[in-house]
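Listed below, chain by chain, are the residues.
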Amino acid sequence: MRLAVFLQPSGAVEVAREAERLGCAMALAPEGFRADAPSVLGAVAAVTSTIGLGSGVMQIPGRAPVMTALTAATLDGLSGGRFHLGLGVSNPDVSRGWYGVTFDHPLQRTREYVEVVRTALSGAPVRHAGRHYPLPPPGCDEPAHLRAAATRADLPIYLAGVGPRSLRLTGEIADGWIGVFLSPERVRESLEQVAEGRAVAGKTLDGFEVLPSIAIGVGDDPQVAARPLRDYFANFIGMGDPARSIYFRLAERLGFGEAAAQINAHCRAGNRPAAARAVPMELMDQVALIGNEHRLAPRLAAYARAGVTTLGLTLLAPTVEGQIEALRVAARALEQIKQPA
């Protein structure tokens, strides 16, 4: 198992440089209310040379698929072939409220989106007779044809998936999976569904990237180390209507439905400090890395045994120095489990 890092916009360049020095496999840029992914990755591409780069994840509702392919090809060319395209449908309320895009048929929409992106990256004219992305549309005969950027037909595409059907789709059509809110046990369960999708495509999990996003807080006192993680969990659980929220249902599935309801209510009332305080330590400890390197090492080993190929560290310390320290602590913990007994 290798390490990757999910970058915050502030300090992304410095953290990515250190991640490259430490031998991390990949630096990924999330996309949301703080920054878009391509801008951050463009800056990182300019100051690194060996570390893989990835979007973690670019939001499907926010871009037409041909534009996503053009962006991916451009980043891949600028970075010397190091880019990995991570995609996700986001949350229903984000899709509608941010981008004005309906959230109907998200799995079919994702399937078509990936088909269009792969066609565009192949360098062929994009002709797609789909329900959601008919290209060219009726009355037009000008197909997209990417000539302005070097394209790579085998550019890896990873999908973010949570539910059983999305996990099976990910296994069927993608080259990797980016997960969230995952304990080692949940990784193992989820990979059973991913494997079902791989089987549909006549493939196995060999060569398939399993890259969960795992929040990390470091320090000798776990309660103190967890403090920077509280806003992160509160934001996801408190996002949108609980009846439609993927992340709210995840918290319920983990056994924290009552706490999730409190967190969501606080967020909807605009009281984010109260929402952060309502996040149970037990929830965070299930799905995050919290503590010093000796506490982290057995957790890393558990993720490796569960089938994780690259563990993505979501760095949440408020300073660049704190983020780099968390990265170094995780790297030392990984070295511990690599040492022969």
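Bear in mind that the values here come from a model prediction, so they are computed numbers and not experimental data.

Quick word on the overall build of the chain
Along its length, the chain carries 15 helices and 13 strands. Relative to the compact-globule value of 20 Å for 341 residues, the chain shows a C-alpha radius of gyration of 20 Å, a close match. Along the first, second and third principal axes, the C-alpha set of the chain runs to 65 × 45 × 40 Å. For the chain, contacts bridging at least 24 residues in sequence account for 71% of all contacts bridging at least 6. Of the accessible surface of the chain, which amounts to about 14400 Å², a share of 52% is contributed by carbon and sulfur atoms. Counting 34 positive and 33 negative side-chain charges, the chain places the centres of these two groups 2 Å from one another.

What about the packing of aromatic side chains?
In this description, an aromatic ring pair is defined by two values, namely the gap between the centres and the angle between the planes. The full count for this structure, using the stated rule, is 8 aromatic pairs. When the centroid spacing of 5.2 Å and the interplanar angle of 40° are considered together, the rings of Phe-181 and Phe-233 count as tilted. One end of the pair, Phe-181, is in the loop between strand S9 (176-178) and helix H7 (184-200); the other, Phe-233, is in helix H9 (residues 230-237), with 52 residues separating them in the sequence. In this structure, Phe-181 and Phe-233 share a single accessibility class: buried. Aromatic ring contacts, followed pair by pair, group Phe-181, Tyr-232, Phe-233, Phe-236 and Tyr-247 into a single cluster.

Re the packing of helix H5 (residues 106-121) against helix H6 (residues 164-173)
Two quantities define a packed helix pair, namely the angle between the axes and the distance from one axis to the other. Relative to each other, H5 and H6 sit at 20°, their axes nearing to 10 Å. Our classification of the angle between H5 and H6 gives roughly parallel. Here H5 runs over H6; the crossing is right-handed. Judged by residue contacts, Leu-107, Thr-110, Arg-111, Val-114 and Arg-118 of H5 engage Arg-165, Ser-166, Leu-169, Glu-172 and Ile-173 from H6. Classifying every residue of the contact of H5 with H6 gives 4 nonpolar, 2 polar and 4 charged.

Calculation rules
Residues numbered from 1 in each chain as written. Predicted model: local features only at pLDDT ≥ 70, side-chain atom pairs only at ≥ 80, totals over all residues. Heavy atoms only, no water. Helix = DSSP H or I, 4+ residues; strand = E, 2+ residues; numbered from the N terminus. Rg over C-alpha atoms; globule rule 2.2 N^0.38 Å. Contact = heavy atoms within 4.5 Å. Areas by Shrake-Rupley, 256 points an atom, 1.4 Å probe, with all protein chains shown as cover. Lys, Arg positive; Asp, Glu negative; His and termini not counted. Charge placed at Lys NZ, Arg CZ, Asp CG, Glu CD. Phe/Tyr/Trp six-rings, centres within 6.5 Å; stacked < 30°, edge-to-face > 60°. Buried < 20%, exposed > 50% of the residue type's maximum accessible area, 1.4 Å probe, protein only. Axes fitted to C-alpha atoms, helices over the stretch in contact; angles between N-to-C directions. Parallel < 35°, antiparallel > 145°, perpendicular 65-115°, else oblique. Left-handed = near helix turned anticlockwise from the far one by under 90°. Nonpolar A, V, L, I, M, F, W, Y, C, P; charged D, E, K, R; others polar.

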